[in-house]
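So the chains spell out like this:
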Amino acid sequence: MSFCSILPQSPKVSVVVPCYKVEGELECCVNSILKQTFKAFELILVDDGSQDQTGVVADNIARQDPRIKVIHQANSGVMTARHTGVKAASGDWVCFVDSDDTLPEDALQNLYTGTKAMETVEMVVGFRDGVKIKMFDAAYSLEDYRYDTIARKDLHVAVYGRLYRRKLFTNFMFDIPRNVLKGEDWLFNVRYAFAMQHKPVIVDKCVYHYIINTDGLHTSPETPESLINYDLLRLASIPQQYQQQYISAIMEARFILLLDWTFANLFSVRWQSNAFVTYLKEKIKEAGYTLTLQQKMLLSKCIFGRIVYFNLLRIKYHII
């Protein structure tokens, strides 16, 4: 592992960008960060063992601005790359950006302004283009935020479009198996939510431009067994003493996994016998959980009912 460039002064925000096989996109991403109206930041590019020219591009970019630091490491996956960047960071706040996306020019300024809302701020959340987030009133609590994060409601669960207070990070937050290619952000945010002592600050600003890249790691094939493993990982992300308190959120999250499976298998003739459905029914019985009408229809043998309620729930939970 090698480090390039030394920052002349301590920044307020560390922007961490994991980079893997983005030789054609990286410069656009970096330029959007360098054009920020907020200047007190450092930019850490983590080349995660790219086999193309990504590392070379990153090194060339770093020579142009002393705020840029490049780290080269063996290929280890996006979450490990983020962790590497965080360990090299010196800012009080960390902002994660995917290397094929960009930031509006005032993104960091809008997010950093949110850190001044009160002395106890531990997270600031904005929204990405095209997807507004719900604004909450004063009654919204940390408990509400934890519930919504577990159940994936109202707030996006990606790591982008946020500022995290660096001192709250733990190794556990980044210790997510590499084979989890879809939903690792969700697990990370659940873990961070239980390190927080105060609710997040929400800013009504677009702070992120999300660019769909079909060659990236935004999707991955799923099996009933992988859904079970993911559910167990999320359950383990919630401290045991809180699990009963948030059992309804945990059950809602399980139905989100079912929604994903439904989308890919609407016409499966073996619907009722797949391992995740069997697992889900066992958990419903174990928790004594009362199903909503939509959830009942989603579990139904009726294909039409599954299609109708899949679309209703997909809208509710912001599944694209």
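Note: the structure precedes this text.
Residues numbered from 1 in each chain as written. Predicted model: local features only at pLDDT ≥ 70, side-chain atom pairs only at ≥ 80, totals over all residues. Heavy atoms only, no water.

Draft legend 1. The arrangement of the packing of helix α8 (residues 224–237) against helix α9 (residues 247–264) in detail. Where α8 contacts α9, the axes come no closer than 11 Å and their chain directions differ by 155°. Taken together, the axes of α8 and α9 lie roughly antiparallel to each other. The two elements α8 and α9 meet at a crossing, and its hand is right-handed. Across the interface between the two elements, P224, L227, Y230, D231, R234 and L235 of α8 pack against I250, A253, R254, L257 and W261 of α9. When the residues that make up the contact of α8 with α9 are grouped by side-chain class, the tally is 8 nonpolar, no polar and 3 charged. (Axes fitted to C-alpha atoms, helices over the stretch in contact; angles between N-to-C directions. Helix = DSSP H or I, 4+ residues; strand = E, 2+ residues; numbered from the N terminus. Parallel < 35°, antiparallel > 145°, perpendicular 65-115°, else oblique. Left-handed = near helix turned anticlockwise from the far one by under 90°. Contact = heavy atoms within 4.5 Å. Nonpolar A, V, L, I, M, F, W, Y, C, P; charged D, E, K, R; others polar.)

Draft legend 2. Here's a closer look at helix α3 (residues 78–88). Within α3, 8 of the 11 residues are buried, leaving the element largely enclosed by the surrounding structure. Within the span of α3, buried status applies to M79, A81, R82, H83, T84, G85, V86 and A88. (Buried < 20%, exposed > 50% of the residue type's maximum accessible area, 1.4 Å probe, protein only.)

Draft legend 3. Seen up close, the packing of α9 against helix α10 (residues 275–287). Contact pair α9 / α10: the axes reach a minimum separation of 11 Å and the direction vectors enclose 165°. Looking at the two axes, α9 sits roughly antiparallel to α10. The hand of the α9/α10 crossing is left-handed. Contact residues: I247, M251, R254, F255, L257 and L258 in α9; F276, V277, Y279, L280, K283, I284 and A287 in α10. A breakdown of the residues in the contact of α9 with α10 according to their chemical character gives 11 nonpolar, no polar and 2 charged.

Draft legend 4. Fine view of the side chain of R254. Relative to the elements of secondary structure, R254 occurs in helix α9. A residue is classified by how much of its surface remains accessible, and R254, at 3% relative accessible area, is buried.

Draft legend 5. Structural view of the pattern of salt bridges. Counting across every chain of the model gives 7 salt bridges. Notably, a salt bridge pairs K69 with E42, separated by 4.0 Å at the nearest N-O pair. Note that K69 is positioned in strand β4 (residues 68–73) and E42 in strand β3 (residues 41–48), a separation of 27 residues in sequence. For E42, a relative accessible area of 1% gives the class buried. A salt bridge links R82 to D98, with the shortest nitrogen-to-oxygen separation between them at 3.2 Å. Of the two residues, R82 sits in helix α3 while D98 sits in the loop between β5 (93–96) and α4 (107–114), which places them 16 residues apart along the sequence. Given a relative accessible area of 2%, R82 falls into the buried group. Residue classification places D98 among the buried positions, given a relative accessible area of 16%. Through salt bridges with shared partners, a single network forms among R82, D98 and D185. (Salt bridge = Lys/Arg side-chain N within 4 Å of Asp/Glu carboxyl O.)

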